[in-house]
Structure formats: structure tokens, C-alpha cells
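In case you want the letters, here they are:
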Amino acid sequence: MLRPRITPCLLVRNGGLVKTVHFGEPKYVGDPINAVKIFNEKEADELIVLDIDATAQGAQPNFRLIAQFAAECRMPLCYGGGIKTVEQAKAIIGLGVEKVAISSAALESPRLISVIAEEIGSQSVVVVLDVKKRLAAGDYEVWTHNGQKNSGKSPVQIAQEAESHGAGEIVVNSIDNDGQMKGYDLELALWVRKAIRLPLTVLGGAGSLADIGRLIAACGVVGAAAGSLFVFKGSYRAVLINYPGQSQKEDLISSALNHG
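Parameters and conventions
- Residues numbered from 1 in each chain as written.
- Predicted model: local features only at pLDDT ≥ 70, side-chain atom pairs only at ≥ 80, totals over all residues.
- Heavy atoms only, no water.
- 1 Å grid on protein atoms, 1.4 Å probe; cavity = no way out; pocket = protein on both sides within 12 Å on 5 of 7 lines; lining within 4 Å.
- Points joined across faces, edges and corners; volume = space filled by probe spheres on them.
- Helix = DSSP H or I, 4+ residues; strand = E, 2+ residues; numbered from the N terminus.
- Nonpolar A, V, L, I, M, F, W, Y, C, P; charged D, E, K, R; others polar.
- Disulfide = S-S within 2.5 Å.
- Buried < 20%, exposed > 50% of the residue type's maximum accessible area, 1.4 Å probe, protein only.
- Core = buried A, V, L, I, M, F, W, Y, C linked by side-chain atoms within 4.5 Å.
- Contact = heavy atoms within 4.5 Å.
- Axes fitted to C-alpha atoms, helices over the stretch in contact; angles between N-to-C directions.
- Left-handed = near helix turned anticlockwise from the far one by under 90°.
- Pairing = 2+ DSSP bridges.

A.B. asks: Quick question: what am I supposed to make of empty space enclosed by the protein here?
C.D. replies: To locate leftover empty space, one rolls a probe as large as a water molecule over the atoms. Under the criterion given, the structure shown has two cavities of 30 Å³ or more. Phe23, Leu50, Ile52, Asp130 and Asn173 are the residues nearest the centre of the largest cavity, which is lined by 38 residues in total. Listed by contribution, the elements that provide at least two residues to the lining of the largest cavity are β1 (5–13), β2 (16–21), β4 (47–51), β6 (99–102), α4 (104–108), β7 (125–133), β12 (223–226) and α9 (228–231). Looking at the second largest cavity, its volume works out to about 50 Å³. In terms of lining residues, the second largest cavity is bounded by Ala106, Leu107, Pro110, Ile113, Val127, Lys153, Ile158, Glu161 and Ala162. For the lining of the second largest cavity, the secondary-structure elements that each account for two or more residues are α4 and α6 (155–164). Examining the composition of the lining of the second largest cavity, we find that three residues originate from one element, α6, more than from any other. Each residue belonging to the lining of the second largest cavity can be placed in one class, and the counts come to seven nonpolar, no polar and two charged.

A.B. asks: Would you explain the layout of surface pockets in this entry?
C.D. replies: Approximately 170 Å³ is the volume attributed to the largest pocket. As for the largest pocket, its lining consists of 13 residues, of which Leu2, Arg5, Pro199, Leu200 and Val221 are closest to the centre. Classifying every residue of the lining of the largest pocket gives six nonpolar, no polar and seven charged.

A.B. asks: Is there a simple way to think about the state of the cysteines in this case?
C.D. replies: By definition, a disulfide links two cysteine residues through a covalent bond between their sulfur atoms. The final tally for this structure, using the stated rule, is zero disulfides. No disulfide involves cysteine 9; its sulfur sits 8.5 Å from the nearest other cysteine sulfur, which is in cysteine 78. Residue cysteine 9 is classed as buried on the basis of its relative accessible area of 4%. In this model cysteine 73 remains outside any disulfide bridge; the closest cysteine sulfur is found in cysteine 78, 11 Å from its own.

A.B. asks: Help me understand the nonpolar core in this model?
C.D. replies: Where a protein is soluble and globular, its nonpolar side chains tend to be buried together. Phe39 and Ile170 are the most contacted members of the largest nonpolar core, which has 73 residues in total. When residues of this core are assigned to their parent elements, the largest contribution, five residues, is made by helix α5 (residues 111–120). Discounting chain neighbours no more than four positions away, the residues touching phenylalanine 39 are Pro8, Leu10, Ala44, Leu47, Met75, Phe230, Ile241, Asn242 and Tyr243. Listed in part, the 13 residues of the second largest apolar core include Cys9, Ile48, Cys78 and Ala101.

A.B. asks: Please explain the packing of helix α7 (residues 186–195) against helix α8 (residues 209–219) as it appears in this structure.
C.D. replies: Two packed helices can be described by the angle between their axes and the distance between those axes. Contact geometry of α7 with α8 gives a least axis separation of 10 Å together with a crossing angle of 35°. Judged by the sense of rotation from one axis to the other, the crossing of α7 with α8 is right-handed. On α8, the residues that touch Leu186, Ala189, Leu190 and Arg193 of α7 are Arg214, Leu215, Ala218 and Cys219.

A.B. asks: Got a minute to help me understand the pairing of β12 in this structure?
C.D. replies: Each regular strand displays side chains that alternate between the two surfaces of the sheet. A two-sided burial pattern is seen for β12, the buried positions comprising Gly223 and Ala225 on one face and Ala224 and Ala226 on the other. Pairing analysis gives four bridges linking β1 to β12, with the strands arranged parallel. Directly across from threonine 7, in β12, lies its bridge partner alanine 225.

Listed below in C-alpha cells is the structure:
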């Protein structure tokens, strides 16, 4: 039976672990490999690693760094950043990574989702949608290239298209809530959740375990991903890698599902 997942998300830039606010102001917070070691010890459900500059700069995936992550990580690992071809996706899976995440390339060529899924399996293909709310209209649009390019398309439209092309999972990342630690955009999460049958992971805004509980209560079986929550501690944002213990996590999920 599928269960909600609680997933740390690490942002990498120039090989270092960073945190952003609204996709800007990247702040260096340490060595990402050390963070992986701590999440191993804390038995995280899975781990997402995103190279935030690779696509924006037109760079290749950093295969050397990916190999380091794969060798160290003892939980399912999803890697995204700069993946534009089926050959790159196959190479990353070949290094021991469970899932590849694609974003701008999937929007530019939805057929690429099908081609990659045929080679590595749908369960290993994750499509990431970075989403901003249009203030005047009150609806949402997907942006690419680290939040620099507006696709003009709605997240539901692209999520449904990705599902039809064989994607195995959708990640919806709120640019507006990124780094704010004030809670997920539940309206956005529910909108996408109701539109697709695929596993959904929601990212952007978690500031407490209660925020994760609210997301699970609203959406049911969902992936609750977070960056700042698992990297910072306290109001002064001291860098401290953290993750709920097993019993704490089970209690949180059970309580949220019972109140959903």
C-alpha cells in the first residue's frame, strides 16, 4: 500500500549545498555529501537533489558529483538538473540513481518523457513543475530555467500531458513559497492532485512538521518535500540537518490521514 513520503530536497550549485528564497539569493549552507550522510542515519524516506543552475546555464549534468551522491545515498535518490537527452538519463540511472527529474526539457519536448520512460521505466521518470501564481488572474503558470522563463502553461495542463507521455511522478514546486517556511500552497497542491492519477510530490514552503501534516490531510497519499525545514533550525536559521524520527514520522502521517 502506498504511504505518504517525507522527502528532503537538497539544492546544489557549483557542487555546494545552497538554499534559496523565491528561487533567488542562493545561500551556501555546506557540503551536500555530509547532508546525505546525516539523512542516511535518520532513515529518510527518499532524497531529491536538484542542480539549480545546470539547465539555466545550459550545462551538462555533473556526473562526477552524481556518482558521489549515488555511492553515499542509502535511500531512493532522485536527481535533476541539466538532463536533456535519453543518454544522460540512462547514464545517471547507471550510476545507481533511482529516478531522474526533468523540467524544461519535458516542456520543450513532451515526447522526451516517453523516450526516457521506454528506456529506464516510467517509475524512474519524474517531471518537475516550478509554478508561480499570476496575481492579477489568480491562476498558476509553470516557469523554467530556474524560474526565469514563463512557459505560459498551467501546471495541470503540463501534469496531464506528462502523465499521458509516461511520466511516473510529478513534483510541483511553488516558487512563491520557496524558502518562506510559512506552509505549502495547498490550493495548488489540491488542484494538481485532483487532475492526475500519478504519484505527486509537493515542494516549497514547509516550515514545520505541522505544515507537512496539513498537506497530507488535504491531499492524502502524497510526497511532502522540503528544503529549509530539514536544513535550518530555529528563527535564526542556523544550519542543522534534521529529520523526524521513525515514530514521530509515523504518528504525523497517521494523524494527518485520519483527519484528512
